[in-house]
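Summary of the model geometry
The primary structure of each chain is shown beneath.
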Amino acid sequence: MLLAVLVTAASVDDAQAAQELFPAWGQPVGKVVRMYADSKYHNFALYAWVEDNARWDLVIVRRPEGSKGWVKLPIRWTVERTFAWLGTCRRLTKDREESVMSAEAFIKLAMIHLMLNRLEPKYADPEFQYHKAA
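Residues numbered from 1 in each chain as written. Predicted model: local features only at pLDDT ≥ 70, side-chain atom pairs only at ≥ 80, totals over all residues. Heavy atoms only, no water.

**Quick look at the overall build of the protein chain**
Using the following cut-off: Starting at the N terminus, helices and strands are each numbered in turn, a helix being any DSSP run of H or I of at least four residues and a strand any DSSP run of E of at least two. What the globule rule says is 2.2 Å times the number of residues to the power 0.38, and the radius of gyration is computed from C-alpha atoms. Summary of the burial criterion: residues with accessible area below 20% of their type's maximum are buried, those above 50% are exposed, and those between are partly exposed, where the area comes from a 1.4 Å probe applied to protein chains only. Note on contacts: a residue pair qualifies if any of its non-hydrogen atoms lie within 4.5 Å across the two residues.
Helix and strand counts for the protein chain come out as four helices and two strands. Reading the protein chain from its N terminus to its C terminus gives the helix and strand order α-β-α-β-α-α. What you see for the protein chain is a C-alpha radius of gyration of 20 Å, clearly larger than the 14 Å of a compact globule of 134 residues, by over 25%. Taken over the C-alpha atoms alone, the protein chain extends approximately 75 × 40 × 35 Å along its principal axes. Within the protein chain, buried positions represent 22% of all 134 residues. Intrachain contacts of the protein chain at a sequence separation of at least 6 include 46% that bridge at least 24 residues.

**Quick word on the pairing of strand β2 (residues 57-61)**
Quick reminder of the rule: The pairing criterion is simple: DSSP has to find at least two bridges between the two strands. A clockwise course of the path from the first strand over the helix to the second, judged with the strands pointing away from the viewer, identifies a crossover as right-handed.
Summarising the sheet, strand β1 (residues 34-38) and β2 pair through five bridges and their orientation is parallel. By the bridge assignment for β2, D38 is matched with V61. For the handedness criterion, the β-α-β arrangement of β1, helix α2 (residues 44-53) and β2 is classed as right-handed.

**Considerations on a nonpolar patch on the surface**
Here is the rule we go by: Patch construction takes residues with relative accessible area above 30% that form no salt bridge. Like charges are linked within 9 Å, and nonpolar side chains (Val, Leu, Ile, Met, Phe, Trp, Tyr) are linked within 5 Å. Under the convention used here, a 1.4 Å probe and the Shrake-Rupley method define accessible areas, while residue burial counts only the protein chains that appear. When a carboxyl oxygen of Asp or Glu lies within 4 Å of a side-chain nitrogen of Lys or Arg, that pair is called a salt bridge.
A grouping of M1, L109, I112, M115, L116 and L119 is seen on the molecular surface, where their side chains present a nonpolar patch of about 620 Å² in accessible area. The topology assignment puts L109 in helix α4 (residues 100-119).

**Describing the packing of aromatic side chains**
The test is simple: Ring geometry is summarised as follows: Phe, Tyr and Trp rings, the Trp one being its six-membered ring, pair when their centres sit within 6.5 Å, and such pairs are stacked at plane angles under 30 degrees, edge-to-face over 60 and tilted between the two. Criterion for a charge above a ring: Lys NZ or Arg CZ within 6 Å of the ring centre, and within 35 degrees of the ring normal.
Applying the stated criterion to the full structure yields one aromatic pair. Just above the ring of W85 sits the side chain of R118; from NZ or CZ to the centre is 4.5 Å.

**Regarding the nonpolar core**
To keep things clear, this is the line we draw: Note on terminology: a nonpolar core comprises buried Ala, Val, Leu, Ile, Met, Phe, Trp, Tyr and Cys residues joined through side-chain atoms within 4.5 Å.
Core analysis: the biggest nonpolar cluster contains 12 residues, these being A15, A18, F22, M35, A37, L46, W49, V50, A54, W56, L58 and I60. Secondary-structure elements contributing two or more residues to this core are α1 (14-21), β1, α2 and β2. With three residues, the single largest contributor to this core is α2. In contact with W56, other than residues within four places in its own chain, are F22, V32, V33, R34, M35 and V50. Of all hydrophobic cores here, the second largest spans seven residues; its members include L86, A110, M111 and L114.

**Here's the deal with the side chain of T82**
Filter applied, for reference: Each polar contact in these results corresponds to two N or O atoms within 3.5 Å; when the atoms are within protein, one needs to be able to donate a hydrogen and the other to accept it, and residues that are neighboring in sequence are counted only if both atoms are side-chain atoms.
As for its position among the elements, T82 is in helix α3 (residues 76-87). With relative accessibility at 16%, the residue T82 sits in the buried group. Within polar-contact distance, the side chain of T82 engages the backbone oxygen of T78 at 2.9 Å. In this structure T82 touches L2 and M111, once residues within four positions along its chain are discounted.

**Re α1**
Each α-helix winds once per 3.6 residues, and so residues spaced three or four apart point in a common direction. What α1 keeps buried is the set A15, A17, A18, Q19 and L21. For α1, the secondary structure elements touched by its buried residues are α2.

**Quick look at the packing of α3 against α4**
Relative placement of two packed helices is described by the angle separating their axes and the distance separating the axes. Where we set the bar: For helices, the axis comes from a line fit to the C-alpha atoms of the stretch in contact; other axes are also lines fit to C-alpha atoms, and the angle between any two N-to-C directions lies between 0 and 180 degrees. To sort the angles, those under 35 degrees are grouped as roughly parallel, those over 145 as roughly antiparallel, those from 65 to 115 as roughly perpendicular, and the leftovers as oblique. The classification used treats Ala, Val, Leu, Ile, Met, Phe, Trp, Tyr, Cys and Pro as nonpolar, Asp, Glu, Lys and Arg as charged, and all other residues, Gly among them, as polar.
Look at α3 against α4: their axes get within 9 Å of each other, and the N-to-C directions meet at 95°. Relative to α4, the element α3 is oriented roughly perpendicular. Mapping the contact onto sequence places T82, W85 and L86 in α3 and I107, A110, M111, L114 and R118 in α4. A breakdown of the residues in the contact of α3 with α4 according to their chemical character gives six nonpolar, one polar and one charged.

Have a look at this one:
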């Protein structure tokens, strides 16, 4: 489940946006020991910010050296899985939102919908019962 959402313009550097996102968490993250990020977050300013302001380690997940083509990266699949879940929301299949606030709101709504479906699935198999033979 998502801890926080920050939608930015494509021109904003991911590492800069991360420095805005982490302090915006409205909840304590005291049990968080390690954060994983892909190679786009390899930024010395972000490393310095984490060192000064966070109690957790930032681990950058990189492609193995010399690899070509698609490679399954450890931990990265969880991010891609979350994007796939968000893609099931029709409103989020394309970038249709005109403001970042509405995009963030629909991402939160999609995750709330996912959580509610996990609490009480719509298509759960009915409990098995024996019926008397006629």
